[in-house]
Amino acid sequence: MTKPIPEVRPNTWSFLRDPMITPTGFREYDARWKYPEEINLPGMTALGLGLGTQMHKRGIPPVIAVANDYRDYSVSIKHALIIGLMQAGIEVRDIGPALSPMAYFAQFHLDVPAVAMVTASHNPNGWTGVKMGFERPLTHGPDEMGELRDIVLNGEGVARPGGSYQFVDGVKEAYLDDLVGDFKMSRPLKVVCATGNGTASAFAPELFERMGVEVVDSHNALDYTFPHYNPNPEAMEMLHDMSDSVKASGADMALGFDGDGDRCGVVDDEGEEIFADKVGVIMARDLSKLYPNSTFVADVKSTGLFASDPELKANGVTADYWKTGHSHMKRRVKEIGALAGFEKSGHYFLAEPVGRGYDCGMRVAVEICKLMDRNPDKSMSDLRKALPKTWATPTMSPYCADTEKYTVLERLVAKLVAKAEAGETLADRPIKEVVTVNGARVILDNGSWGLVRASSNTPNLVVVCESSESEAELRQIFAEIDAVIRTEPLVGDYDQTF
């Protein structure tokens, strides 16, 4: 295998022939590049050869399910990846266009050990990437990604005989059957279904109709130009649009899905956006009644309520705060036998007997509808208001180059830890502890907190704050965390603030 080169000028002979891969595309738990600036089609074939070689190296049976999201260039990229997998002697089962969780489902449905999903997830058009895994329901974490990066970039891919290709139809229907089963709503429910014209447009409206839910369409026609907004239910633009639709239609709530359908965003009947970590607490309250003494994993960006909510405590819940990232969270849920994991970004990991352990926005939609069915006298806003009140920021991402962000973060963590060790305050309160499992989560004596970490899939840092006291305290926490961040000149502007 030829060693890929990090940069080839487009519109050259070399660009059409030689594999080009920018090394920074190998991230903590998936691979993402701008296409074609950072990876070309021969580069994607080199990735496929490397992934197939990694399967052989780890003793994984040489069969893989492969799929692609709904973008105009994703099929070309998937085919380039498949050529590399077949070169490596892998039997490819192509399930066609899909959601990421449908690809994960295909591992179970087709009984194959490995998966490779071509998707840029919620990144805007111009990005591509691959989510992959060998041990269902898990996907590659830092160790597997590091090994794959080295195989690919060092030209260590090995061609083997035995590669083959088969297109497999019918997986979408089996996936929807698996999600809904014979469940039907016993109460009327009207839901704004928001898909931002992304891949979920081909799934979500049908899913709701199967359950007997009345659907209010919101950008549900497939259109890979994303004419209204980039489908990302963590972005305020999409959440505000969902809120407007709820108010205009009188719907019971809005459920919105990202570009590859592994995340779900919620807006209640009053048009109030409920951040996914709070939705997680609402779901955990409901599930812990059915399954007392459960363990729930929450990522470090999530609300402190998983540990402090009186109702969860009364139901014997154990809260476990862990690293942000779908691979980290899936692995943690499996390792400690948790019933579910909740991530502020809208990834939910519902394990047996509720789900299969991987992140699936459609599964979350089904479980939220079931939750509403189990609480026929309650609205989603009732469930939101029943939670202890906290004030939280959205996820905010100041620019920091991929090549710089981890060293910048190291210095920021050290500064925040030193602040705590020196007995300094934050927002005029004592610092109780600084959790450094993933960046620095500075926790105050009243449970309020501020977090800074590095984004795993974009050139950014990530900042989230929550106050248990007031909006004024929230703004003060953010201002003081940001003041520390601004000591680093390599950190740029925020994508959004509050």
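What counts, and at which threshold
- Residues numbered from 1 in each chain as written.
- Predicted model: local features only at pLDDT ≥ 70, side-chain atom pairs only at ≥ 80, totals over all residues.
- Heavy atoms only, no water.
- UniProt positions renumbered as here; feature names shortened; annotations may be inferred.
- 1 Å grid on protein atoms, 1.4 Å probe; cavity = no way out; pocket = protein on both sides within 12 Å on 5 of 7 lines; lining within 4 Å.
- Points joined across faces, edges and corners; volume = space filled by probe spheres on them.
- Helix = DSSP H or I, 4+ residues; strand = E, 2+ residues; numbered from the N terminus.
- Nonpolar A, V, L, I, M, F, W, Y, C, P; charged D, E, K, R; others polar.
- Pairing = 2+ DSSP bridges.
- Salt bridge = Lys/Arg side-chain N within 4 Å of Asp/Glu carboxyl O.
- Buried < 20%, exposed > 50% of the residue type's maximum accessible area, 1.4 Å probe, protein only.
- Domains from an automatic or database assignment.
- Contact = heavy atoms within 4.5 Å.
- Polar contact = N/O pair within 3.5 Å; in protein donor to acceptor, adjacent residues only side chain to side chain.
- Core = buried A, V, L, I, M, F, W, Y, C linked by side-chain atoms within 4.5 Å.
- Expected span 1.5 Å × (residues − 1).
- Arc of directions from axis to C-beta.

Per an unreviewed UniProt entry, the protein carries the name Phosphomannomutase/phosphoglucomutase AlgC and comes from Phaeobacter inhibens. Turning to the protein, the UniProt annotation filed under Sequence similarities (unreviewed entry) states: "Belongs to the phosphohexose mutase family." UniProt, in the comment section headed Cofactor (unreviewed entry), describes the protein in these words: "Mg(2+)".

Chemist: Honestly, empty space enclosed by the protein in this entry has me stumped. Any pointers?
Modeler: Gaps between atoms show up when a probe of the same size as a water molecule is rolled over them. In this structure the tally under the stated criterion is two cavities of 30 Å³ or more. Size it by volume and the largest cavity reaches roughly 110 Å³. Lining the largest cavity we find 14 residues, and of these Pro 233, Glu 234, Phe 275, Ala 276 and Lys 344 sit closest to its centre. A total of three residues in the lining of the largest cavity trace back to one element, the largest contributor, which is strand S10 (residues 264–268). Looking at the lining of the largest cavity residue by residue, the class counts come to eight nonpolar, four polar and two charged. Roughly 70 Å³ of volume is contained in the second largest cavity. Looking at the second largest cavity, the residues that line it are Tyr 175, Asp 178, Leu 179, Tyr 348, Leu 350, Gly 355, Arg 356, Tyr 358, Cys 360 and Arg 363. When contributions to the lining of the second largest cavity are tallied by element, the ones reaching two or more residues are helix H6 (171–180) and strand S15 (348–350). In terms of residue count, the dominant contributor to the lining of the second largest cavity is H6 (three residues). Residues of the lining of the second largest cavity, tallied by class, amount to six nonpolar, one polar and three charged.

Chemist: Please clarify how the sheet that holds strand S17 (residues 425–426) should be interpreted in this entry.
Modeler: Note on sheets: strands pair through backbone hydrogen bonds, and any given pair is parallel or antiparallel. Pairing is antiparallel across the open sheet formed by six strands, whose spatial order is S16-S21-S20-S19-S18-S17. Edge positions in the sheet fall to strand S16 (391–392) and S17, since each has one partner strand and no second. Where strand S18 (residues 429–435) lies against strand S19 (residues 440–444), four bridges are found, and the strand directions are antiparallel. Residue pairing in the sheet places Val 435 in a bridge with Arg 441 of S19.

Chemist: Explain the pattern of salt bridges here, please?
Modeler: Opposite charge on two side chains allows them to pair when their charged atoms are near. Taken as a whole and judged by the stated rule, the model has 41 salt bridges. Put simply, Asp 258 and Arg 263 hold a salt bridge, and the shortest N to O gap is 3.2 Å. This pair shows no difference in class: Asp 258 is buried, exactly as Arg 263 is. Among the ionic pairs, Asp 309 bridges to Arg 285, the shortest N-O distance being 2.8 Å. Of this pair, Asp 309 sits in the loop between helix H10 (305–308) and helix H11 (310–314) while Arg 285 sits in helix H9 (residues 276–290); the two residues are 24 residues apart in sequence, bridging distant segments of the chain. In the salt-bridge network here, residues are joined through shared partners; they are Asp 178, Arg 356, Arg 363, Glu 367 and Lys 370.

Chemist: Whenever I open this one, the domain arrangement of the protein confuses me. Can you help?
Modeler: One frequent convention defines the size of an interface as the accessible area lost when the parts assemble. Here the protein is described as being made up of domain 1 (13–170), domain 2 (181–386) and domain 3 (391–494). Domain 2 and domain 3 are separated by 26 Å when their C-alpha centres are compared. On the domain 3 side, the residues contacting the 15 residues of domain 2 number 13 residues. The interface formed by domain 2 and domain 3 holds zero salt bridges in total. Counting across the interface, domain 2 meets domain 3 through seven residue pairs in polar contact (both at pLDDT 80 or more). Grouping the constituent residues of the side of domain 2 that touches domain 3 by class yields five nonpolar, four polar and six charged.

Chemist: Explanation requested: the side chain of Lys 301 in the structure shown.
Modeler: Inspection of the secondary structure puts Lys 301 in the loop between strand S12 (295–299) and H10. The contacts of Lys 301, once residues within four sequence positions are left out, are Glu 234, Asp 277, Thr 324, Lys 344, Ser 345, Thr 395, Arg 441, Trp 449, Leu 451, Arg 453, Val 462 and Val 464.

Chemist: Help me understand the nonpolar core, please; the structure alone is not making it clear to me.
Modeler: Here is a general trend for soluble globular proteins: nonpolar side chains tend to be buried in one another's company. Membership of the largest hydrophobic core comes to 71 residues, with the highest contact counts inside it found for Phe 208, Leu 255 and Met 362. Broken down by element, this core gets its largest block of residues, eight residues, from helix H13 (residues 361–374). Split by domain, the residues of this core number at least three in each of domain 1 (13–170) and domain 2 (181–386). Residue contacts for Met 362: discarding those within four places in its chain leaves Leu 99, Tyr 175, Leu 179, Ala 200, Phe 203, Ala 204, Leu 207, Phe 257 and Gly 261. Judged by nonpolar contacts, the second largest core, of 34 residues, contains Leu 51, Ile 82, Leu 148 and Val 152.

Chemist: Looking at this structure, I do not really get helix H15 (residues 405–421). What am I missing?
Modeler: Counting along an α-helix, one turn takes 3.6 residues, and residues three or four places apart therefore face a common direction. With 17 residues, H15 should cover 24 Å at 1.5 Å per step; its first-to-last C-alpha distance of 24 Å lies within 8% of that length. The set of residues buried in H15 consists of Lys 405, Val 408, Leu 409, Leu 412, Val 413, Leu 416 and Lys 419. When H15 is viewed along its axis, its buried side chains cluster within an angular range of 135° and face the same direction. More than 90 degrees from the buried face of H15, the exposed residues found are Glu 410 and Glu 421. Check the buried side of H15 and you find it contacts S17, S18, S19, strand S20 (449–454), strand S21 (461–467) and helix H16 (471–485). Directly beyond the C-terminal end of H15, a positive phi value near 75° is found at Gly 423.

Chemist: Explain the UniProt feature "domain: Alpha-D-phosphohexomutase alpha/beta/alpha" (unreviewed entry) in the protein to me, please; I cannot follow it from the model alone.
Modeler: Mapped onto the present numbering, the UniProt feature "domain: Alpha-D-phosphohexomutase alpha/beta/alpha" (unreviewed entry) falls on residues 25–154, 174–271 and 277–389. Within residues 277–389, the helical portion is 48% and the strand portion 14%, while the C-alpha atoms at the span's ends are 13 Å from each other.

Chemist: Help me understand the layout of surface pockets, please; the structure alone is not making it clear to me.
Modeler: Here the largest pocket is characterised by a volume of approximately 660 Å³. Surrounding the largest pocket, 31 residues form its lining, His 122, Asn 232, Glu 234, Ser 397 and Thr 458 being those nearest its centre. Among the residues making up the lining of the largest pocket, the classes are represented as five nonpolar, 18 polar and eight charged. Volume-wise, the second largest pocket comes out at about 530 Å³. In terms of lining, the second largest pocket is formed by 20 residues, of which the most central are Glu 272, Lys 278, Lys 389, Thr 390 and Ala 392. For the lining of the second largest pocket, the elements supplying multiple residues, two or more each, are strand S11 (273–274), helix H14 (380–385), S16 and H16.

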